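Coordinates in review
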Amino acid sequence: MTLTLTDETPPKGFERLVRAEDPASGLRALICIHSTALGPAAGGCRMWNYARWDDARHDVQRLAEGMTYKNAMADLGLGGGKSVILGDAKRDKTPELFRAFGRAINALNGSYYTAEDVGTSPADIAQAATETPYAVGLEGGQYGSGDPSPFTAEGVFQCLRVGAKHVFGSEDLTGRQVLVQGLGHVGMSLAEKLHAAGAALIVTDIDQAALDRAARGLGATVIAPDQVFATQMDIFAPCALGAVLNDTTGPQLTAKLICGAANNQLAHPGIAGALHARGIRYLPDYVVNAGGIISVAGEIHKAGPGYRRDRLAGIAGRVDAMLTRAEQEDRNTTEIAADMVKEILASANRNVA
Ligand code: NAD
């Protein structure tokens, strides 16, 4: 075995940064633990063709910190961490590489749980899981959580209803114009729920088959991808790409509420203030899309279905509190959510002390 693990100096505020290299399999990976204040760190493994180690370092640190916030807000008893494998997800994958990765995870003795992320599949993580019990998001088995998308969609749906109560005075979505951008794993499931709740659906995607399904099965109005910000709507549900809300699109948006699954919806943090100033409520992506990690957490904790149901209801409850605070303090929801995370972490640190 040729696996070597090297502890690098983590940035201030981070707990651990480990470089894993295994020349025999070609593994080059970084594992970052941002915080274990609330429990062992959890977050997926991204495989990406980073040009340099420094690019991978920057990404894994940013993503690990984000997982601390997401896991804290979802009340999972888990901290934040992430891992990245340097390589081409189409060309460089082998079972040996993921088994070496699994041995690296195992060497951290349960301080970090890994799962799927961009560029890794359940089959890859299953290879890692042959070497460690700390690789989750598996299909099958007693606690295997499988595809997280239905849970993500359910969490977004529940938060969207809470948002509607605050913005329109009622959770009732009958006749509300909701634009779903992206009809993939999460977006299609969300669209089905919205249709069942009586919403007037508007959809867009670059995949014609998905659009046809939504038009035929859900009575959705189809628009072209470049027409999103020229379209009249009550609620915007971005479920495709990151950075859709930027300095150009933010001022054009007609929705009064934004609630969708896509990660990193704001091109930069200043967009949150600009939306707030226009009276648009933005529900932070990492709060409302936590259904996926809730599903994985159920596997980590070997919990029954009640665990996932309660945690999903919990994020909707937290969104309710966040919107109430935003209204009382006339501050944007991104700031309020960040304050709520700080309060949760501070109270955990007090309990440890
Ligand atoms: P997916 O790949 O299944 O779906 C994405 C959809 O967006 C596809 O149908 C694609 O054709 C469409 N799309 C791509 N470019 C587009 C464009 N320019 N305009 C309109 N549509 C476009 O992904 P997913 O699993 O449904 O995830 C959607 C988003 O939610 C991603 O940002 C993902 O990171 C995030 N997310 C997903 C989960 C989960 O459980 N799957 C959890 C948390 C966050």
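Residues numbered from 1 in each chain as written. Predicted model: local features only at pLDDT ≥ 70, side-chain atom pairs only at ≥ 80, totals over all residues. Heavy atoms only, no water.

The chain appears in an unreviewed UniProt entry as Glu/Leu/Phe/Val dehydrogenase from Paracoccus amoyensis. Reading the Sequence similarities (unreviewed entry) entry of the UniProt record for the chain gives the comment "Belongs to the Glu/Leu/Phe/Val dehydrogenases family." (UniProt positions renumbered as here; feature names shortened; annotations may be inferred.)

Next up on the list: the site of the ligand. Around the ligand, the structure places 18 residues, and the nearest of them are T152, H185, V186, D205 and N263. In the environment of the ligand, a nitrogen atom lies 3.3 Å from a nitrogen or oxygen atom belonging to the side chain of S149. Between an oxygen atom of the ligand and a main-chain N or O atom of A261, the distance comes to 3.3 Å. Calculation on the ligand without its partners gives an accessible area of 840 Å², and the protein chains cover 72% of this total. Those elements giving two or more residues to the shell around the ligand turn out to be α4 (149-168) and α5 (185-196). Here the residues of the shell around the ligand are counted per class, giving 10 nonpolar, seven polar and one charged. (Near = heavy atom within 4 Å. Polar contact = N/O pair within 3.5 Å; in protein donor to acceptor, adjacent residues only side chain to side chain. Areas by Shrake-Rupley, 256 points an atom, 1.4 Å probe, with all protein chains shown as cover. Helix = DSSP H or I, 4+ residues; strand = E, 2+ residues; numbered from the N terminus. Nonpolar A, V, L, I, M, F, W, Y, C, P; charged D, E, K, R; others polar.)

Spatially, six strands are ordered β10-β9-β8-β11-β12-β13 in an open sheet, and the strand pairing comes out parallel. Every interior strand has two partners, whereas the edge strands, β10 (221-222) and β13 (281-282), have only one. (Pairing = 2+ DSSP bridges.)

In this section: the packing of α4 against α5. The N-to-C vectors of α4 and α5 enclose an angle of 45°; their axes lie 8 Å apart at closest approach. Classified by the angle between their axes, α4 and α5 sit oblique to one another. Of the two possible hands of crossing, α4 and α5 adopt the one that is right-handed. Within the contact between the two elements, α4 uses S149, P150, T152, A153, E154, V156, F157 and L160 and α5 uses H185, V186, S189, L190, K193 and L194. (Axes fitted to C-alpha atoms, helices over the stretch in contact; angles between N-to-C directions. Parallel < 35°, antiparallel > 145°, perpendicular 65-115°, else oblique. Left-handed = near helix turned anticlockwise from the far one by under 90°. Contact = heavy atoms within 4.5 Å.)

Bringing the environment of T132 into the picture now. With respect to the helices and strands, T132 occurs in the loop between α3 (122-129) and α4. Relative accessible area serves as the criterion here: at 4%, T132 is assigned to the buried category. For the pair T132 and D59, spaced 73 residues apart in sequence, the C-alpha separation works out to 24 Å. Not counting chain neighbours up to four residues away, the residues in contact with T132 comprise G102, I105 and N106. Within polar-contact distance, the side chain of T132 engages the backbone nitrogen of Y134 at 3.0 Å. (Buried < 20%, exposed > 50% of the residue type's maximum accessible area, 1.4 Å probe, protein only.)

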